[in-house]
Structures are given as structure tokens and as C-alpha cells.
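Residue-level listing of the chains:
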Amino acid sequence: MPAMMREEAIPKEKVILDKNYPVFVIDTIGVTNVYQKLHWHDVLEINYIKSGTGYYMINGQKYEFQQGDILLINSNDLHCAYESKDLVMTVITFDPTWFVRNLRFDSELLSPFREVGKCFTNLIDREHPSMDKLRSILMELQQEHEQERRSYGSIVYSLLLRFLAIVNRECRVDGALQQEPSISEQQLEKMRQVIMTMELNYAYSWTLEELASLVYLSPSRFSEIFKRAVGMPPLLYLIHIRLEQAVAMLEGGGMKVTDIALECGFRSLTNFNRLFKKHVGMTPKASRKQPSLNQ
């Protein structure tokens, strides 16, 4: 059995942003395999759901979202997203140090991220009276970012600053959020360790019992905690990891489909083709003709 990695289980992703303009805005259609993996990063993130439905798993909590919703994701939030239907969302990532000067006279500016679970939730209440105002700010911010007209950086900065200030002032729920997390930090750390081991040894023929033994849990208890943390059973998550590797190999174009299937841990080409079509939405041969499934 492959050894479990004992250091930081899932390394924090380093997102490279322009030092003078440390913000990135993009529309994503659906959810690629990359974002279905449990991950965290060193930037703050705002998601605006333009259409469709889906759900996020954030620190073991499930948040179902729909058109018009806004989610806030802190730099320490372990999260992954899944599409239910026709999902299009605007993803805004930014470096919190961009606002370090504003923190001198408004120390609470980033509280919507720092106080998640205490005074704020990752999913802003969709019935809140400030939602139309917040949506309008995000749409204007994206327009300024994309058009790049004169002084657009200053306007994007001011719009993001206004968004944060309004959320902090109007969406705070003092003393009302005392809910216990569905999964403890210790349990979450164990799942991180298992996931990292799976990603490092994705071709190994893992059994549920072997994965559970990595963190000294019974298979049933492990499966329960894993599903609460990630949103799917462990062996299904392993299939997603293998398929992500297969997509990358297919895009490389140098290997036969049969060899890729075996390299990624699938026992037969038939099984590989069936699972690939089910989860990726096309056959392996068809995906090879696509420019990139992760763009």
C-alpha cells in the first residue's frame, strides 16, 4: 500500500496576480475537473451565479446555489464546486493586501471573509434587501475589468471596496450564527491527508478499507466523514482524480487510449470508456479532438 503523506495534506495554491492590479475576473461555464477537486488558495474569492444551479462544499458544509446568488470564499476555506444544471458564474479573485491601506481606518473591511461562521456565511442570504445592489456592483466591476478603459483599475478597486464595505455593514448577523460545523477541523485534516495520498497514487487499486485505514477509521465512519467533507463517496472521488489525469494525457496526444486507461488505474478499456463518457460527457477519442477541457 502506498504511504500516506504526513506533511501539509493539500498544499495551498499560489495564485499569481499582477502586483499593481491584483484581481482576476472570469466567467466559467460549468465546473471543470480542477474545481471539483477539494482545494484552497492564498487569495480571496467572490462567486456570482449568473445562471443555472449547483452546490459548493466548503469546509464540510454544503451550500446549494442558484441564479443570482453570491458566495464568499476565504483563503483558508477548503472547497470544491459541482454543477447541477446550466451553470455560468463570475469568479472574482483578489489579493487582500490590495486593501491594506483601507484597513488602517476600517479594520472590519475584510470581516465578511475573516468572520465566516460567526457573523457571516459563505453564501449571502439571497433574500437580503442589499442583494440587488451587490449584484449590480459585481456586474459593473466585471464590465470595467473587461473593457479596460482609462483608469479602469481605479474603478475596479473602488467597486470592490464598496462591495466589501456594504457586505460588512449590511449583511452582518451579530450573534446569530452559532451553528456547529458539520465536520471538525481534525476530521477535515484527516480527509485532506487521504485526498493527497489518493492524488499521489491515483493508479493504485484502492479499496474503501485501505483508505479508511490511512486515518485509523472504520470504513463506514470514514465514508460518512469523507462524503460530508467532499460531497461524494471516496471511491467516486478517486474516479474523478483518475479521469482528470486521463484528460491531461489525452490532451498531450502521445499515448494510446488503452495505455492511458491502464496508466490511470482503470482495469479495462471498456470500463474506462464508460466512466469517461458518464463523467466527462464525451468519449476519450472525442475529447482528444477538443482544444482543452480545462480551459
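Asks: I would appreciate a short explanation of the overall build of the protein chain in the present structure.
Replies: Check the secondary structure of the protein chain and you find 11 helices and 5 strands. Counting all 295 residues of the protein chain, 49% fall into the buried class. Contacts in the protein chain between residues at least 24 apart in sequence constitute 74% of all its contacts with a sequence separation of at least 6. Carbon together with sulfur atoms contributes 49% to the accessible area of the protein chain, which is approximately 15100 Å² in total.

Asks: Explanation requested: the confidence of the model for the protein chain in the structure shown.
Replies: For any part of a model where pLDDT is low, the fine detail of the predicted coordinates should not be relied upon. This prediction gives the protein chain a mean pLDDT of 86; 88% of its residues lie at or above 70. Mean pLDDT across the secondary structure elements of the protein chain bottoms out at helix α1 (residues 33–36), with 60, and peaks at helix α3 (residues 131–147), with 97.

Asks: Looking at this model, I keep getting lost on the environment of leucine 44. Mind explaining?
Replies: On the secondary structure map, leucine 44 appears in strand β2 (residues 44–58). What leucine 44 contacts, discounting residues up to four positions off in sequence, is Ile73, Asn74, Ser75, Ile92, Thr93, Phe94, Pro96, Leu110 and Phe113.

Asks: Could you clarify how one ought to interpret the pattern of salt bridges in this entry?
Replies: Pairing is possible between side chains of opposite charge, provided their charged atoms come close. This structure, assessed with the given rule, holds 10 salt bridges. One salt bridge in this structure joins lysine 133 and glutamate 170, with 3.3 Å as the shortest N-O distance. Here glutamate 170 lies in helix α4 (residues 152–170) and lysine 133 lies in helix α3, a separation of 37 residues in the sequence. By relative accessible area, glutamate 170 is classed as partly exposed at 26%. Taking the shortest distance from any N to any O, the salt bridge between arginine 228 and glutamate 224 comes out at 3.5 Å. Pair noted here: arginine 228 and glutamate 224 are both in helix α7 (residues 219–230), with a separation of 4 residues, about one helical turn. A cluster of three or more residues bridged by salt bridges with shared partners is formed by Arg221, Glu224 and Arg228.

Asks: Is there a simple way to think about the nonpolar core in this case?
Replies: Within soluble globular proteins, side chains that are nonpolar tend to cluster in buried spots. In terms of nonpolar packing, the biggest core is built from 43 residues, with Val230, Tyr237 and Phe272 touching the most fellow members. Per element, the largest residue contribution to this core is 9 residues, and it comes from helix α8 (residues 234–252). Residues contacting valine 230, with those up to four places away along its chain left out, are Leu38, Met57, Cys80, Tyr82, Ile195 and Tyr237.

Asks: So what exactly am I meant to see when it comes to the pairing of strand β4 (residues 70–73) here?
Replies: Side chains of β4 alternate between two faces, with Ile70 and Leu72 and Leu71 and Ile73 buried alike. One ladder, built from 4 bridges, connects β2 with β4; its direction is antiparallel. Opposite isoleucine 46, over in β4, you have leucine 72 as the bridge partner.

Asks: Help me out: how do you make sense of unusual backbone geometry in this one?
Replies: Residues other than glycine predominantly adopt negative phi, and peptide bonds predominantly adopt the trans conformation. With a phi angle near 50°, aspartate 86 is a residue other than glycine that sits in the positive phi range. Along the chain, aspartate 86 turns up in strand β5 (residues 79–94). In the Ramachandran plot, tyrosine 216 falls in the positive-phi region, its phi being about 60° despite a non-glycine side chain. Position of tyrosine 216 among the secondary structure elements: in the loop between α6 (208–213) and α7.

Asks: Quick question: what am I supposed to make of α3 here?
Replies: An α-helix turns once every 3.6 residues. As a result, residues three or four positions apart point the same way. Over its 17 residues, α3 runs 24 Å from end to end, which matches the ideal 24 Å to within 8%, given 1.5 Å per residue. Taken residue by residue, α3 has Met131, Leu134, Arg135, Ile137, Leu138, Leu141, Gln142, Glu144 and His145 as its buried positions. Packed against the buried residues of α3 are β1 (23–29), β2, β4, β5 and α4. Two residues or fewer after α3 comes glutamate 148, characterised by a positive phi angle close to 50°.

Asks: Any chance you could explain helix α5 (residues 185–200) here in plain terms?
Replies: For α5, spanning 16 residues, the distance from its first C-alpha to its last is 23 Å, which sits close to the expected 22 Å at 1.5 Å a residue. Within α5 the residues assigned to the buried category are Gln187, Leu188, Met191, Arg192, Gln193, Val194, Ile195, Met196, Thr197, Met198 and Glu199. In this structure, the buried residues of α5 make contact with α6, α7 and α8.

Asks: Help me understand the packing of aromatic side chains in this model?
Replies: Aromatic rings considered in pairs are described by the distance between their centres and by the relative angle of their planes. One pass over the full model with this rule turns up 14 aromatic pairs. Judged by centre distance (6.0 Å) and plane angle (75°), the ring pair of phenylalanine 94 and phenylalanine 113 falls under edge-to-face. Pair noted here: phenylalanine 94 is in strand β5 and phenylalanine 113 is in helix α2 (residues 111–114), with a separation of 19 residues, a long-range link. The buried category is assigned to phenylalanine 113, whose relative accessible area is 2%. With a centroid separation of 5.6 Å and an interplanar angle of 65°, the aromatic rings of phenylalanine 272 and phenylalanine 276 are classed as edge-to-face.

Conventions we followed
- Residues numbered from 1 in each chain as written.
- Predicted model: local features only at pLDDT ≥ 70, side-chain atom pairs only at ≥ 80, totals over all residues.
- Heavy atoms only, no water.
- Helix = DSSP H or I, 4+ residues; strand = E, 2+ residues; numbered from the N terminus.
- Buried < 20%, exposed > 50% of the residue type's maximum accessible area, 1.4 Å probe, protein only.
- Contact = heavy atoms within 4.5 Å.
- Areas by Shrake-Rupley, 256 points an atom, 1.4 Å probe, with all protein chains shown as cover.
- pLDDT = per-residue confidence, 0-100.
- Salt bridge = Lys/Arg side-chain N within 4 Å of Asp/Glu carboxyl O.
- Core = buried A, V, L, I, M, F, W, Y, C linked by side-chain atoms within 4.5 Å.
- Pairing = 2+ DSSP bridges.
- Expected span 1.5 Å × (residues − 1).
- Phe/Tyr/Trp six-rings, centres within 6.5 Å; stacked < 30°, edge-to-face > 60°.

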